[in-house]
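The primary structure of each chain is shown beneath.
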Amino acid sequence: MELCNITGLKGKVTIPGDKSISHRCIMFGSIANGTTQIHNFLSGADCLATIRCFRELGIEIEVESDYSSVIVHGKGLHGLSAPEKILDVGNSGTTTRLISGILAGQPFDSKLSGDESLNSRPMKRIIEPLTQMGAHISSILRNGCAPLYITPAQLHGIHYDSPVASAQVKSCLLLAGLYADGETSVTEPSLSRNHTELMLKEFGADIRSTFEIGSSKATAIIRPCEELYGQEITVPGDISSAAYFIAAGLIVPDSEILVENVGINPTRAGILRVCEDMGGDISLLNERTEGGERIADVLVRTSRLHGTTIEGDIIPTLIDEIPVIAVMAAMAEGTTIIKDAAELKVKETDRIETVTDNLKAMGCDVTPTEDGMIINGGRPLHGASIHTLLDHRIAMAFSIAALVADGTTKILDSKCVDVSYPTFYDTFEQLL
Ligand code: S3P
């Protein structure tokens, strides 16, 4: 994809369904009794991997041709059947880690494997606590990564103090907790996205959250239940996808964009705070709650941004938005410091490296650090060849950078946006 600079993005865009929530609807619907009807499902490759895996586990899943509606014919907590082949999780870390929690409690063997990037991401973070629960799960190549092999075991409730604020680790253990012989609780250093807790409750699970007063620690607690019940769910727009249009509206000269139907769950909405801190003209309209999730339309106008420091508890609430926040920081006056974000290293690529390498290629003054980066903003960006390394968020973040860079920017392997936002480039047409 070749892109060049532009001014005056105007109009409104509607954001496709949330990736995290779409995955969970399929998973929880599959192990619930009765049907789960999903509206505004995200048809990104990651969520299709989740559908593929649950079909392989014997679940009938009906999809409209445009995925606007998906119906999952759940078979209950004990209704999954043994897969005939290796479960193909594609590029999806969420599929891998969450499904492993469910598979650990099944009376059959399963193996799962993904693409090169997925098979190099750390799985010890789920293997160790699942093993503490009594699960039989191993890394087939003994390198702490997928392919994974899971065999039947009786699971026991545990308390797990997670060293990382990771919704994937937390959700994996909570799902395994549905099959354990007692209570399972997970404490994380700061609260990561809580869609599992909110949605499992709607499905009828015995689940609750507690917060330590005077500390940022959060604990989710689940007890095994008899059954879950199918639900009708409308998936809110994905704030991680909205982030690209929010950033474009703020940094492309003479722009005004209304980004409609954005999920603003506080455990996901850190980017909104950062935009405000940077001096962005951003407002929330039409705030509402649907299916337990907060939603709003976000209005952004071109703004003179300034640098900021992003650190601590806010990091898990914007972890996937850091590539595009870094692009905004490159356009902002002054220095932006991003720290406490070492988790960036274990995403689809090492995003400290992919973000800083590509920003440097565009002429930005940026220094990678152990747990983030320091960006001295305000220098003009120049068109460059962007090496996405097949990371969807790098492709989209640097597509926004291209709109404010002089010359032409080439996004290599831009098709990888299909992982989370297949219609990303089409959406721009609506703003021209
Ligand atoms: C996700 C959790 C986050 C996020 C990922 C989706 C989820 O990962 O980066 O894109 O749906 O639970 P971690 O929980 O590993 O931080």
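Here, residues in each chain are numbered from 1, in the same order as that chain's written sequence. In keeping with the predicted nature of the model, local features appear solely for residues at pLDDT of at least 70, side-chain atom pairs appear and are counted solely at 80 or more, and the whole-chain, interface and lining totals rest on all residues. Excluded from the side-chain calculation are hydrogens and water; included are all heavy atoms of the structure.

### Some words on the UniProt feature "binding site: phosphoenolpyruvate" (unreviewed entry) in the protein chain
Alright, step 1. UniProt positions are given in the numbering used here, feature names are shortened, and annotations may be inferred rather than shown by experiment. Here the UniProt-annotated "binding site: phosphoenolpyruvate" (unreviewed entry) positions come out as Lys-19, Gly-93, Arg-121, Gln-168, Arg-351 and Arg-393.
Alright, step 2. Helix and strand definitions here come from DSSP, where helices need a minimum of 4 consecutive H or I residues and strands a minimum of 2 consecutive E residues; each element is numbered from the N-terminal end. You can see Lys-19 is positioned in helix H1 (residues 19-30).
Alright, step 3. Each residue is assigned to one of three classes by its accessible area relative to the maximum for its type, calculated with a 1.4 Å probe on protein chains only: buried under 20%, partly exposed between the two thresholds, exposed over 50%. Here Lys-19 falls in the buried class, since its relative accessible area comes to 8%.
Alright, step 4. Every residue in contact with Lys-19, bar those within four places of it in the chain, is listed here: Leu-42, Asp-46, Cys-47, Thr-94, Asp-238, His-392, Arg-393, Val-419 and Ser-420.
Alright, step 5. Tracing the chain through its elements places Gly-93 in helix H3 (residues 93-103). The contact rule is simple, with two residues in contact once any of their heavy atoms fall within 4.5 Å.

### Focus on the site of the ligand
Alright, step 1. Nearness of a residue to a molecule or strand requires only that one of the residue's heavy atoms be within 4 Å of it. Taken together, Lys-19, Ser-20, Arg-24, Thr-94, Ser-166, Ala-167, Gln-168, Arg-193, Ile-319, Asp-320 and Lys-347 make up all the residues around the ligand.
Alright, step 2. N or O atoms within 3.5 Å of each other form a polar contact, as long as, within protein, one can give a hydrogen and the other can take it, and as long as residues adjacent in sequence are counted only when both atoms are side-chain atoms. Between an oxygen atom of the ligand and a main-chain N or O atom of Ala-167, the distance comes to 2.8 Å.
Alright, step 3. For the shell around the ligand, the elements supplying multiple residues, two or more each, are H1 and helix H5 (167-177).
Alright, step 4. Ranked by residues supplied to the shell around the ligand, first place goes to H1 with three residues.
Alright, step 5. Amino acid classes used here: Ala, Val, Leu, Ile, Met, Phe, Trp, Tyr, Cys and Pro are nonpolar; Asp, Glu, Lys and Arg are charged; the rest, including Gly, are polar. Looking at the shell around the ligand, its residues break down into two nonpolar, four polar and five charged.
Alright, step 6. Split by domain, the residues of the shell around the ligand number at least three in each of domain 1 (2-16 + 236-429) and domain 2 (19-234). Delimitation of the domains relies on an automatic or database domain assignment.

### A look at the packing of H1 against helix H6 (residues 195-202)
A packed helix pair is summarised by two numbers, namely the angle formed by the two axes and the spacing between the axes.
Alright, step 1. Running from N to C, H1 and H6 cross one another at 35°; their axes reach a closest spacing of 10 Å. Once H1 is placed against H6, the crossing between them reads as right-handed. On H6, the residues that touch Ser-20, Ile-21, Arg-24, Cys-25 and Phe-28 of H1 are His-195, Thr-196, Met-199 and Leu-200.
Alright, step 2. Classifying every residue of the contact of H1 with H6 gives five nonpolar, three polar and one charged. Each axis is a line fitted through C-alpha atoms, taken for helices only over the stretch in contact, and angles between the N-to-C directions span 0 to 180 degrees. Here is the rule for handedness: rotate from the far helix to the near one, and if that takes an anticlockwise turn smaller than a right angle the crossing is left-handed, while a clockwise turn gives right-handed.

### Side note on the pairing of strand S16 (residues 281-290)
Along any regular strand the residues' side chains alternate between the sheet's two faces.
Alright, step 1. Two strands qualify as a pair provided DSSP detects at least 2 bridges between them. In this structure, S16 lies alongside strand S17 (residues 293-301), joined through eight bridges in antiparallel fashion. Of the residues in S17, the one forming a bridge with Arg-288 is Ile-295.
Alright, step 2. Linkage of S16 to S17, two consecutive antiparallel strands, is achieved through a turn of two residues, within which Gly-291 is found at a positive phi near 55°.

### Considerations on helix H9 (residues 322-331)
Alright, step 1. Where burial is concerned, most of H9 is hidden: nine out of the 10 residues are buried.
Alright, step 2. Among the residues of H9, those classed as buried are Ile-322, Pro-323, Val-324, Ile-325, Ala-326, Val-327, Met-328, Ala-329 and Ala-330.

### Brief notes about H1
Alright, step 1. Along its 12 residues, H1 runs 17 Å from first to last C-alpha, staying within 8% of the 16 Å computed at 1.5 Å per residue.
Alright, step 2. Of the residues that open H1, the one with a side-chain oxygen 2.9 Å from the backbone nitrogen of Ser-20 is Asp-18. Working rule for helices: expected span equals 1.5 Å times residues minus one.

### Details of the nonpolar core
Alright, step 1. Note on terminology: a nonpolar core comprises buried Ala, Val, Leu, Ile, Met, Phe, Trp, Tyr and Cys residues joined through side-chain atoms within 4.5 Å. Membership of the largest hydrophobic core comes to 77 residues, with the highest contact counts inside it found for Ile-246, Val-259, Leu-359, Ile-400 and Phe-424.
Alright, step 2. Here this core gets 10 residues from one element, more than from any other, and that element is helix H7 (residues 239-251).
Alright, step 3. Apart from residues no more than four positions distant in its own chain, Leu-359 is found in contact with Ala-326, Val-327, Ala-330, Cys-364, Val-366, Ile-375 and Phe-398.

### Comments concerning the UniProt feature "domain: Enolpyruvate transferase" (unreviewed entry) in the protein chain
Alright, step 1. Following the UniProt record, one finds the feature "domain: Enolpyruvate transferase" (unreviewed entry) at residues 7-427.
Alright, step 2. With 29% helix and 27% strand, residues 7-427 has end C-alpha atoms that lie 16 Å from one another.

### Observations concerning the side chain of Asn-265
Alright, step 1. By secondary structure assignment, the location of Asn-265 is in the loop between strand S15 (256-263) and helix H8 (270-277).
Alright, step 2. A relative accessible area of 4% places Asn-265 in the buried class.
Alright, step 3. Among the polar contacts listed, one links the side chain of Asn-265 to the side chain of Asn-194, at a separation of 2.8 Å.

### Some thoughts on the sheet that holds S15
The strands making up a sheet associate through backbone hydrogen bonding, with each pair oriented either parallel or antiparallel.
Alright, step 1. Spatially, the four strands line up as an open sheet ordered S2-S15-S17-S16, and their pairing is mixed. Of all the strands in the sheet, just strand S2 (10-14) and S16 have a single pairing partner and so form its edges. This sheet shows a mean twist of 15° between the axes of neighbouring strands, independent of strand direction.
Alright, step 2. Note: S15 against S17, six bridges, orientation antiparallel. Residue pairing in the sheet places Gly-263 in a bridge with Ile-295 of S17.
Alright, step 3. The strands touched by H7 within the sheet are S2, S15, S16 and S17, with S15 carrying the most contacts at an inclination of about 165°.

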